[in-house]
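Listed below are the residues making up each chain.
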Amino acid sequence: MKNIFITIAFSVSLLWNTPIFSQNWKKTYSYPERHSWAYSVTEAYDKGYLLLSNFVKDGGNLHTGWLIKTDINGNKLWERIIGDYDEYQSVYEKVVETSDKGFIIPGSWSKEPYSNSPDPLFLKFNACGNLEWCQYFKTDNHMDFGVDIIQVADGYVGLMEYYGYDYVTQRIALTKLDDTGNVQWVQIYHSDSSINEEGRSVLLRSDGDIMVTGEASVIKPGSPYQQPRPLFILTEPDGTLKDFGVLDVSDTLWSTAWQTKEKPNGIFYSTGGVYVNPPYSWPYPYFLKTNSNKEILESRLLADTALVSDGGTSLLNFISDTTIVMIYGFNYNDKTIGETGLYKLDTLGNMLKTRPLIYGSSGRIHSIEGLAVTQDKKILACAPEWQGDY
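Definitions and cut-offs
- Residues numbered from 1 in each chain as written.
- Predicted model: local features only at pLDDT ≥ 70, side-chain atom pairs only at ≥ 80, totals over all residues.
- Heavy atoms only, no water.
- Helix = DSSP H or I, 4+ residues; strand = E, 2+ residues; numbered from the N terminus.
- Rg over C-alpha atoms; globule rule 2.2 N^0.38 Å.
- Buried < 20%, exposed > 50% of the residue type's maximum accessible area, 1.4 Å probe, protein only.
- Contact = heavy atoms within 4.5 Å.
- Areas by Shrake-Rupley, 256 points an atom, 1.4 Å probe, with all protein chains shown as cover.
- Pairing = 2+ DSSP bridges.
- Axes fitted to C-alpha atoms, helices over the stretch in contact; angles between N-to-C directions.

(A) The overall build of the chain, seen in detail. Each helix and strand counted, the chain has zero helices and 29 strands in total. In terms of overall dimensions, the chain is globule-like: its C-alpha atoms have a radius of gyration of 20 Å, near the 21 Å expected for 390 residues. For the chain, the spread of C-alpha atoms along the three principal axes comes to 55 × 50 × 40 Å. For the chain, buried positions account for 57% of its 390 residues. Intrachain contacts of the chain at a sequence separation of at least 6 include 49% that bridge at least 24 residues. Of the roughly 16,600 Å² that the chain leaves accessible, carbon and sulfur atoms contribute 49%.

(B) Molecular detail of the sheet that holds strand β16 (residues 195–204). One open sheet accounts for four strands, arranged β16-β17-β18-β19; its pairing is antiparallel. Each edge of the sheet is formed by a strand with only one pairing partner; in this case those strands are β16 and β19 (241–246). Averaged over all adjacent pairs, the angle separating strand axes in this sheet is 20°, with direction ignored. In this structure, β16 lies alongside strand β17 (residues 210–218), joined through seven bridges in antiparallel fashion.

By themselves, these figures tell us nothing about what the structure is for.
Below is the structure:
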């Protein structure tokens, strides 16, 4: 039998008093004669869910979006194909609910499948899944991606990777779109003191500023290595750069950042990975807490290095003012077994509970890709799952 990866979604009680591998429910969604890869999930206006996946084509290439709307119990109400499976390649990163009960999706598309020139795009849909507008950014012979987007008071701010004309110095860009998708501005961010910058996510801070979380590499005096560090870019609402901050978590440890959330005002919590024995190790899951000046309040390794060979944390959300849920994933030291699931932590970084959701052969499990906390304080997570004999 051939291997088939499909979209699965978990609804998990936040009390976590049930046995370690159980869920309130687990739903599996598959499309006839196509493979799919889960990417993002969010709660909709009616307490149902929006689940975003991408089809997989021609040996593993992501190709064309698949959006599912469910009721509160995960039962499918409708679905939409985003793009054209036969005519062009398109990949979609995230589904974000908007204040008008619709949603917006960042992604990229290319007229020639698997070319080296995909272009960023952002698509706005109404509550019924009908397209309202699409905005894309054309560049020739250059790979660019729309990776995240947030709603602001007068429109949207989207995050693009590699948008520009120089892969070395133009790797992170923000664009402002009005409510109907018209481009208001585009700003590209770079610092000569770092290289290989990657923008992972964008956040609207409580003070109105915009914050990009990612990573950048630096070369320290006396070291031949490019050392990864968390990157926090801060801009004013009009995109004007306020700070391009590469953070040294430690003088000896390398580290990265993936996503940041703020709560309470002025305190920020980030996911990512920390290299315990650089350059001879892969990253491990960790927790980072900073204030508005990028001063480190807490930095915690979240895995036992005697048992785990590599891993990281990716998405996070707040359960309450004092508790956080994070997606984690890692491989055990024999590198044949992997595990992905949820960490429940307090805001000091203390581990309250570990909840494995997928466990097995490293070649047959994949990270949880989507995470949301619902209005009734349940966790919703989604992931791709393998089916078949291998």
